[in-house]
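Below are the chains, spelled out letter by letter.
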Amino acid sequence: MSDQRIGSLTVCRNLALPLALAVSLSACSSTMAQTQYNDVPILIVGEDEKKITVRRSSEIHKRVIARLKNSMKRTGFRVIDEESVAVDLGWKIKDRRKKTELIRLAKLMTKSSKARHQVRAMVTFRVHAYRPKNSDSGIGSVQTRLNGEIYDIRNNEFIDEYEMPLQEYPAPSAEECNELCLHEVVGGRAREIAASLGVILAQKLAHYRDVSAGTGGSGGQDRAVTGDNRGGGGGSGSGHTMQTNYTIAFIDFSPTEAESIIGVMADEWPGYKTHTLIDKEAAVRRYSYITSAKPSKMGEWFTILLRYMNYNPGKDVNVRIEEDEITVEEIVSTPRRPISRDEKRRFN
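Residues numbered from 1 in each chain as written. Predicted model: local features only at pLDDT ≥ 70, side-chain atom pairs only at ≥ 80, totals over all residues. Heavy atoms only, no water.

A.B. asks: What exactly am I supposed to notice about the packing of helix H5 (residues 255–268) against helix H6 (residues 295–308) here?
C.D. replies: Pairs of packed helices are described in terms of their axes, by the angle between the two and the distance that separates them. Packing of H5 against H6 brings their axes to within 11 Å, and their N-to-C directions diverge by 120°. Comparing the axis directions of H5 and H6 gives the class oblique. Handedness of the crossing formed by H5 with H6: right-handed. Contact with H5, carried on its side by Ile261, Val264 and Met265, involves Met298, Phe302, Leu305 and Leu306 of H6 and no other residues of that element. Here the contact of H5 with H6 is built from residues that sort into seven nonpolar, no polar and no charged. (Axes fitted to C-alpha atoms, helices over the stretch in contact; angles between N-to-C directions. Helix = DSSP H or I, 4+ residues; strand = E, 2+ residues; numbered from the N terminus. Parallel < 35°, antiparallel > 145°, perpendicular 65-115°, else oblique. Left-handed = near helix turned anticlockwise from the far one by under 90°. Contact = heavy atoms within 4.5 Å. Nonpolar A, V, L, I, M, F, W, Y, C, P; charged D, E, K, R; others polar.)

A.B. asks: Looking at this model, I keep getting lost on the sheet that holds strand S14 (residues 325–330). Mind explaining?
C.D. replies: Where strands meet in a sheet, backbone hydrogen bonds hold them as pairs that are either parallel or antiparallel. With respect to topology, five strands assemble into an open sheet ordered S11-S12-S10-S14-S13, the strand pairing being mixed. Of all strands in the sheet, those with a lone pairing partner are strand S11 (272–280) and strand S13 (317–322), marking the two edges. Averaged over all pairs of adjacent strands, the angle between strand axes in this sheet comes to 20°, irrespective of strand direction. The strands touched by H5 are strand S10 (244–251), S11, strand S12 (284–291) and S14; relative to S12, the strand with the most contacts, the crossing angle is about 5°. (Pairing = 2+ DSSP bridges.)

A.B. asks: Honestly, the packing of aromatic side chains in this entry has me stumped. Any pointers?
C.D. replies: Two aromatic rings are characterised by how far apart their centres lie and by the angle between their planes. Tallying each qualifying case throughout the model produces eight aromatic pairs. Ring geometry for phenylalanine 250 against tyrosine 287: centres 5.9 Å apart, planes inclined by 80°, an arrangement best described as edge-to-face. Taken together, the residues span a long stretch of sequence, with phenylalanine 250 in strand S10 and tyrosine 287 in strand S12 at a distance of 37 residues. For phenylalanine 250, a relative accessible area of 1% corresponds to the buried category. Ring geometry for tyrosine 272 against tyrosine 289: centres 5.4 Å apart, planes inclined by 40°, an arrangement best described as tilted. With tyrosine 272 in strand S11 and tyrosine 289 in strand S12, this pair connects stretches of sequence that are 17 residues apart. Residue tyrosine 272 is classed as buried on the basis of its relative accessible area of 0%. Here tyrosine 289 falls in the buried class, since its relative accessible area comes to 0%. Among the aromatic side chains, those forming a connected cluster through ring pairs are Trp269, Tyr272, Tyr289, Trp301 and Phe302. (Phe/Tyr/Trp six-rings, centres within 6.5 Å; stacked < 30°, edge-to-face > 60°. Buried < 20%, exposed > 50% of the residue type's maximum accessible area, 1.4 Å probe, protein only.)

A.B. asks: I would appreciate a short explanation of the environment of glutamine 203 in the present structure.
C.D. replies: Structurally, glutamine 203 can be placed in helix H4 (residues 179–205). Accessibility expressed as a relative area gives 37% for glutamine 203, which makes it partly exposed.

A.B. asks: Help me out: how do you make sense of the packing of helix H1 (residues 59–74) against H4 in this one?
C.D. replies: Relative orientation of the contacting elements H1 and H4 amounts to 30°, with a least axis distance of 8 Å. One way to sum up the angle between H1 and H4 is to call them roughly parallel. Considering the relative orientation of H1 and H4, their crossing is right-handed. Considered class by class, the residues forming the contact of H1 with H4 number 12 nonpolar, five polar and four charged.

A.B. asks: Can you walk me through unusual backbone geometry in this structure?
C.D. replies: Backbone geometry follows two general trends: most residues other than glycine have a negative phi, and most peptide bonds adopt the trans configuration. One non-glycine residue, asparagine 310, adopts positive backbone phi at about 70°. In this fold, asparagine 310 is placed in the loop between H6 and S13. Take asparagine 310: its relative accessible area is 39%, and that puts it in the partly exposed class. The backbone of glutamate 323 sits at a positive phi, close to 60°, despite the residue not being glycine. Structurally, glutamate 323 is set in the loop between S13 and S14. Glutamate 323 gets classed as exposed once you look at its relative accessible area, which sits at 69%.

A.B. asks: For this particular structure, what's the right way to read the pattern of salt bridges?
C.D. replies: Pairing is possible between side chains of opposite charge, provided their charged atoms come close. Evaluated as defined, the whole model comprises 19 salt bridges. Across the pair aspartate 160 and lysine 204 runs a salt bridge, and its minimum N-O distance is 3.4 Å. Placement of the pair is aspartate 160 in strand S7 (residues 157–163) and lysine 204 in helix H4, with a sequence separation of 44 residues. When its relative accessible area of 21% is taken as the criterion, aspartate 160 is described as partly exposed. Classification of lysine 204 as partly exposed rests on a relative accessible area of 22%. Of the charged contacts, one joins aspartate 279 and arginine 286 as a salt bridge, the two residues approaching to 3.0 Å between their closest N and O atoms. (Salt bridge = Lys/Arg side-chain N within 4 Å of Asp/Glu carboxyl O.)

Quick look at the structure:
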């Protein structure tokens, strides 16, 4: 009996900013903090172009990708959900997509100007499942193999590849088990397959970290402006804190002014985790800013900070907050605005 190939899955993840060697493999041990790599947003997608791979809409794909997301989240990576982004952008996700389509999808996500859509690493995975050649002997079995690649989407860079060892599982004979039956056999093993793959991916990705996100100025992310040590997202007790990825746009500020404001936010505001410059134009600088602070607190702190930096909120500067999108616009030009003590300390 000839091979009856069922298919394979592939998953992709985007690495949106430059990657740098920063942490050792030991960081993937059980002591790794849940938020340790939160500045590395990952997109996991299935590459199912070839008919020998399990299609994206199959139950096997759903089980594998759900377990993979869970494994990566538990080891500290920020997992961007492809379907949620597709809903935001009005996209329709189809089966049998080429790798070039997945790369294009990841690149367009990072160009949406929304912090919650930014991706750093694209992880592709393929699950091959088929009957071995001796399947006509009356003793049924099915073999599975997983492989894929990791890419830095923003830099068009190949990072690494991986492949799980070939696994063989008992299954009803070919006469007793059709393709749907075989999918159930493989699907039953999907969670343990994906769990092992999640460990391997965490080990490989632990070498890379987006150092461009930074921690703000010299003050560090654990110092709160109130002095009560509520700040920082990297402490051992903050792993289960719900965080928000705000998109913050500074309009009509000079680069020095915008950098000074975001620097104070990084150094002094409670709940801060990390921030990244998404894009910059002549009059607009847009950041991703991850924090556990609620929108109401963000508005309160902006008022305090702007006043402290010699702005007049509501007159010189307008702050608009709509859920996770914040716009800070300079209404009146203030070219002779005095430099605050924080700016002097930070930029010396």
